[in-house]
Amino acid sequence: MVRRFTRRNFLSLAALGAAAPIFDVKPLRGIDFILQNSPTPRKFLIETMPGGVALFDYNNDGLLDIFLVNGGKITESLRVPANFNRNDPRYWNRLYRQNRDGSFADVTRAAGLANAGNGNYGMGVAVGDYDNDGYLDLFVTRYMDWDADHNKICGGDWHTYCPPGAFPATTCLLYHNRGDGTFEDVSERSGITAKKGRALGVAFADYDGDGFTDISVSNDGMQQYLFHNNRDGTFKECALESGVGLTSDGKALSGMGTAFQDYDNDGRPDIITTVLPRELYALFHNDGDGSFTYDSLKTGLGALTSGSSGWGVGLEDFDNDGWKDLFVAQSHVLENVEKIDASLHYKELPLLALNHNGRFERTDSGVTTPLAARGAAFGDINNDGRMDAIITTLGGPPVLLLNRCDNHNHWLSITLRGTRSNRDGYGAKVSVNGQTRFATSAGSYVCASDKRLHFGLGSAQKASVEVLWPSGAKQVLNDVRADQFLEVREPERG
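Okay, so let's go over this structure. (Residues numbered from 1 in each chain as written. Predicted model: local features only at pLDDT ≥ 70, side-chain atom pairs only at ≥ 80, totals over all residues. Heavy atoms only, no water.)

1. Regarding the pattern of salt bridges
In plain terms, the rule: Salt bridge, as applied in this entry: a Lys or Arg side-chain nitrogen positioned within 4 Å of an Asp or Glu carboxyl oxygen. Only DSSP runs of H or I covering at least 4 residues are called helices, and only runs of E covering at least 2 are called strands; the numbering of each starts at the N terminus. Burial classes follow relative accessibility: with a 1.4 Å probe on protein chains only, a residue under 20% of its type's maximum area counts as buried, one over 50% as exposed, and anything between as partly exposed.
Enumeration over the complete set of coordinates arrives at 16 salt bridges. Ionic pairing is found between R278 and D341, a salt bridge with its closest N-O pair at 2.8 Å. With R278 in the loop between β18 (270–273) and β19 (282–286) and D341 in the loop between α4 (337–340) and β23 (351–356), this pair connects stretches of sequence that are 63 residues apart. Exposure remark for D341: the relative accessible area of 24% places this residue in the partly exposed category. A salt bridge links D450 to R452; the nearest nitrogen and oxygen atoms lie 2.9 Å apart. Here the salt bridges do not stand alone but share partners, grouping R423, D424 and K451 into one network.

What follows is the structure, encoded as structure tokens:
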């Protein structure tokens, strides 16, 4: 059957394009940071892996600040014990406070964050309250058992970074917050160390609705991990039986970044994992019975992603239409990949794909120059009700994408204030007008995003809000006015 393409079809598509979000690439005034990954002919694997970025309001003035994780100095003579020269300000992590005029001030030294220590090369970490005791715990992904003395060069005459299988796998780490300002390593007792992997991205959500936070981990070159929370302080890794370990045809994934949110508005968190080219970014649909279905082709990701390498990733409603869109920071691992395969590119444009009722369609990201992008974090940086993005780039400055979408859709941004639960409400399930978000700052690739929960409302000027707190409390607010930053405080006990 041939479907006729009418003038009405054309105008509908034109209107769709006109409603697409417009991102302006803006200079970050006051920020002179360069991500120092220090590439060398010896192809140390860490050279191509950084770096993280966090968007958070560290001084509680209502403005998002930016923390940028740096790499370090690497030379061909690098040996154990490694010295990355991070006492040199060029290699510091940097904290930038946002000023009222939208510029930023470097407060790294004043905040006590100068000189991260010469023996480390920065990546990232994630926080969440896995046992619902009201205190935020730390989860650390670890990539592999590697050091400079055991580095290898692969690729023959091409000289490439070795694949992850060339090095031994290792475990992730979990630190329990004792509530007195100290942490306890519970990695083994919790069951996290029962599985070795090559972990990079990590994200948190409650996928089975039992009120406890589960953990999605993206592994490079092997099966993915899903740690189910047993509600007794332990976890069981269940990715294979749940359907998120491999593709539908049983292939391993080169997992980089991950997002753990509800893309199709059915109230259940789904998983998206970014990978390397010749694979498809994996979308696992949560079926609601503890299992997932591999839906990359059904959702349009096959055509969008088969030739790209993805890192930082987010599901955010950039056009405020009530559907979470997809943003991915893209770039190949190898800076010489074009000499090896002319169909691939080291530097790439980011992927911005709008969500149309559960199917993703590419639109212009606003970036015109290809980037060696890695991390991506998301938040409303200028508090105008539109979600923005920041990208880190190897050997370059961060790139700020300010959302200039002017389709007149409404929005609501929610800040949670826990009383019985943890202070930030991490782990809460928040539903607004048929949409669901799970409260977390974790996700993407070694990054942390704005903890505020952003909801696009489309044409609706009122919202119904339901919060399921980690404590088990349920809170409902009706007739909430749109276009505001709303603080929701958890009811006190009793």
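So much for the structure itself; the text now carries on.
2. What to know about the sheet that holds strand β17 (residues 258–261)
The following threshold applies: The rule for pairing is simple: two strands pair if DSSP sees at least two bridges between them. Axis lines are fitted through C-alpha atoms, for helices just across the contact stretch, and the angle between N-to-C directions can take any value from 0 to 180 degrees.
Strands sit in the order β17-β18-β19-β20 across an open sheet of 4 strands; the sheet is antiparallel. The sheet is open, and its two edges are formed by β17 and β20 (292–294), each paired on a single side. Taken over all neighbouring pairs, the strand axes of this sheet differ in orientation by 15° on average, direction set aside. Examined bridge by bridge, β18 and β19 share 3 bridges and lie antiparallel to one another. Along β19, the bridge assignment pairs I271 with F284.

3. Structural notes on the environment of G134
Counted only if it meets this: The criterion used for residue contact is that any of the two residues' heavy atoms lie within 4.5 Å.
As for its position among the elements, G134 is in the loop between β6 (126–128) and β7 (137–140). As a C-alpha pair, G134 and Y426 span 292 residues in sequence and 9.2 Å in three-dimensional space. Discounting chain neighbours no more than four positions away, the residues touching G134 are D129, S421, N422 and R423.

4. Examining the packing of aromatic side chains
Put simply, the rule reads: Stacked, edge-to-face and tilted are the three classes for Phe, Tyr and Trp ring pairs, Trp counted by its six-membered ring, which pair at centre distances within 6.5 Å; planes under 30 degrees apart are stacked, over 60 edge-to-face, the rest tilted.
The tally for this structure, following the rule as stated, stands at 15 aromatic pairs. For the pair F139 and F204, a centre-to-centre distance of 6.4 Å together with 85° between the ring planes defines the contact as edge-to-face. Pair noted here: F139 is in strand β7 and F204 is in strand β12 (residues 199–205), with a separation of 65 residues, a long-range link. Here the aromatic cluster, defined as three or more aromatic residues joined through ring pairs, consists of F23, F318, F327 and F378.

5. As for the sheet that holds strand β32 (residues 462–468)
In a beta sheet, neighbouring strands pair by backbone hydrogen bonds and run either parallel or antiparallel. Strand order across the open sheet formed by 4 strands is β30-β29-β32-β33, with antiparallel pairing between neighbours. With one partner strand each, in any of the chains shown, β30 (435–438) and β33 (474–481) form the two edges of the open sheet. In this sheet, neighbouring strand axes are inclined to one another by 20° on average, regardless of whether the strands run parallel or antiparallel. Bridge analysis of strand β29 (residues 429–432) against β32 gives 4 bridges, and the strand direction is antiparallel. For V432, the partnering residue across the bridge sits in β32 and is V465.

6. Re the nonpolar core
For the record, the criterion: Here, nonpolar core means buried Ala, Val, Leu, Ile, Met, Phe, Trp, Tyr and Cys residues that are tied together by side-chain atoms lying within 4.5 Å of each other.
I31 and I66 are the most contacted members of the largest nonpolar core, which has 45 residues in total. Elements with a minimum of two residues in this core: β2 (53–56), β3 (65–68) and β27 (399–403). Membership of the second largest hydrophobic core comes to 30 residues, among which are A205, Y207, I272 and Y281.

Note that all results are geometric; they support no functional claim without further evidence.
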